[in-house]
Amino acid sequence: MPVEFISLAFANASTEIKPIPSGPTVDPDYLKRYARNLDDYGFDYTLQPYDSGGADPWTMGATIAAVTSNLKVIIALRPNTVYPTVAAKMLATLDQLSKGRAVVHFIAGGSDQEQAREGDFLTKEERYGRLEEYIKILRQAWRSTEPFDWDGKYFTFKNFSNRVRPFNGSTIPVSVGGSSDEAYRVGGSLADIFGLWGEPLKETKEQITKIYAAAEKAGRTDRPKIWVTFRPIIAETEELAWEKAHRTLEALTASRAAGQLPKNPPNAGAPQNVGSQRLLEIAKKGEVQDRALWYPTVTATGARGASTAMVGSPQTIVDSILDYVDLGCELISIRGYDNLNDAIDYGRYVLPAVREALTGREAETKQSGDHVVQQVDG
Ligand SMILES: Cc1cc2nc3c(=O)[nH]c(=O)nc-3n(C[C@H](O)[C@H](O)[C@H](O)COP(=O)(O)O)c2cc1C
């Protein structure tokens, strides 16, 4: 099975473990350097995440596309922030500008408080209903050569006509992230890609089964590709990696206590989104789970965002990733805590080794297949 790698490209040098509160929010040279590194080191995608107070993913994504050759740009999109016909044209334009490298990742919205900051007062169930309608509108806008009307529960318009086609003429990959039953239903029935945070193999398998069941229930003959997300803490040896992990945790705890992490303020209360709630429950079962998953980073940050660490030498990280590939995950998202340096380490020691292991397996399968054919022939 092919595997592709995702990371994040950041707009400035501030990190969760070394926040630079006084630094520029958007440093164009840093963003370009970061994106070029991801491209050169063989990452396949970069996610441009969304939060109400953060830099705009669309303009960052267009900048990244302009300075890279292969890297696909995943725009995180909350349906309350852009009217769907506008988003359809923005995505198709980005797809044309990047020659087919645009992807959209939908966030229904996991927190009422965060949604209210930008005028969204729907319930979570309604937000997922709106997302469902939104995805259908995008696909019709990309496909339809004729003007069309829409008369739905959340959107109504007349005679919309789109002249900007996706680069391949028909569509752009649509991803959905979340871990609630609503996320499984909408993502399972409509998404090309389904994004998950880092849970142990057993729990990930359970989620995949639910997503596939939702796809089948919706009458699909295909299934969404599964994306899983980890925060590897990597060093030359196991011992050095664990020392680095503990240093990382201390720094994370200190920045959070100092209120320097805007998305992870202390006393933020329990998260409303199921994905974060699940991570916090899993963290209670033990600090280290499976081969190398480490949950103290989840607890220390209140599971606000992807926070499951994966600790070890390059070989341990490679083996852990292969465990998820064997489970059926085709997209592996990895970003560290020392963002750019970690991305370069992954590019040097993880991506090539995972790819080599998979090529080796393929060759072995082919060889044993040839052997069987020879035996049959003989
Ligand atoms: C891979 C992945 C990426 C995500 N990126 C974002 C993001 O950029 N911004 C954001 O607000 N939420 C992001 N989320 C969070 C969820 O999409 C969000 O909380 C969801 O709307 C509701 O979650 P639930 O269905 O688990 O309750 C991401 C989730 C996943 C799995």
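Let me sum up the structure you'll find in this document. These numbers were taken from a predicted model, which means no experiment stands behind them.

1. Here we look at the overall build of the protein chain
Okay, so step 1: Along the backbone of the protein chain there are 12 helices and 13 strands.
Okay, so step 2: Here the protein chain has a C-alpha radius of gyration of 21 Å; the compact-globule value for 378 residues is 21 Å, and the two agree.
Okay, so step 3: Projected onto its principal axes, the C-alpha positions of the protein chain cover 70 × 60 × 40 Å.
Okay, so step 4: Of all 378 residues assigned to the protein chain, the portion counted as buried reaches 41%.

2. As for the nonpolar core
Okay, so step 1: By size, the foremost hydrophobic cluster in this structure holds 93 residues, and its most contacted members are V73 and I332.
Okay, so step 2: No other element matches the eight residues that helix α5 (residues 124–143) contributes to this core.
Okay, so step 3: The residues touching I332, leaving out its near neighbours within four places in the chain, are V3, F5, I6, V228, I321 and Y324.

3. Quick notes on the site of the ligand
Okay, so step 1: If you check the shell around the ligand, you find 21 residues, and the closest are P49, G110, G177, G178 and G195.
Okay, so step 2: Of all the elements in the fold, those that place two or more residues in the shell around the ligand are β8 (193–197), β9 (225–234) and α9 (274–283).
Okay, so step 3: Top contributing element to the shell around the ligand by residue count: β8, with three residues.
Okay, so step 4: Grouping the amino acids of the shell around the ligand by side-chain chemistry returns 10 nonpolar, 10 polar and one charged.

4. A closer look at helix α1 (residues 28–40)
Okay, so step 1: Spanning 13 residues, α1 covers 18 Å between terminal C-alpha atoms, matching the ideal 18 Å at 1.5 Å per step.
Okay, so step 2: Along α1, the positions that sit buried rather than exposed are Y34, A35 and L38. Relative to the axis of α1, the buried residues are bounded by an arc of 95° and lie together on one face.
Okay, so step 3: Backbone geometry just after α1 places G42 at a positive phi near 90°.

5. Topic: the packing of α5 against helix α6 (residues 181–190)
Okay, so step 1: At a minimum axis distance of 10 Å, the contact between α5 and α6 shows a crossing angle of 5°. The angle between the axes of α5 and α6 places the two elements in the roughly parallel class. Contacts from K124, E125, Y128, L131, E132 and I135 in α5 reach E182, V186 and L190 in α6.
Okay, so step 2: In terms of residue class, the contact of α5 with α6 is made up of five nonpolar, no polar and four charged.

6. With respect to helix α3 (residues 84–97)
Okay, so step 1: If you check α3, its first and last C-alpha atoms are 20 Å apart, about what 14 residues at 1.5 Å a residue would give, namely 20 Å.
Okay, so step 2: By the burial criterion, the buried members of α3 are P84, A87, A88, L91, A92, L94 and D95. Each buried residue of α3 sits inside an arc of 160° when the element is viewed along its axis, so together they form one side.
Okay, so step 3: As for α3, its buried residues are in contact with α2 (57–67), β3 (72–77), β4 (102–106) and α5.
Okay, so step 4: Count one or two residues on from α3 and you reach K99, which has phi positive near 55°.

7. Brief notes about the packing of α3 against α5
Okay, so step 1: It is at 9 Å that the axes of α3 and α5 come closest, and there the two elements cross at 55°. Accordingly, the angle class assigned to the pair α3 and α5 is oblique. α3 and α5 meet at a crossing whose hand is right-handed. Of α5, the residues touching α3 (which contributes P84, T85, A87, A88 and A92) are Y134, I137, L138, A141 and W142.
Okay, so step 2: Residues that form the contact of α3 with α5 fall into these classes: nine nonpolar, one polar and no charged.

Scoring rules and cut-offs
- Residues numbered from 1 in each chain as written.
- Predicted model: local features only at pLDDT ≥ 70, side-chain atom pairs only at ≥ 80, totals over all residues.
- Helix = DSSP H or I, 4+ residues; strand = E, 2+ residues; numbered from the N terminus.
- Rg over C-alpha atoms; globule rule 2.2 N^0.38 Å.
- Buried ≥ 20, exposed ≤ 12 C-beta atoms within 10 Å, placed from the backbone.
- Core = buried A, V, L, I, M, F, W, Y, C linked by C-beta atoms within 7 Å.
- Contact = placed C-beta atoms within 7 Å.
- Near = placed C-beta within 6 Å.
- Nonpolar A, V, L, I, M, F, W, Y, C, P; charged D, E, K, R; others polar.
- Expected span 1.5 Å × (residues − 1).
- Arc of directions from axis to C-beta.
- Axes fitted to C-alpha atoms, helices over the stretch in contact; angles between N-to-C directions.
- Parallel < 35°, antiparallel > 145°, perpendicular 65-115°, else oblique.
- Left-handed = near helix turned anticlockwise from the far one by under 90°.

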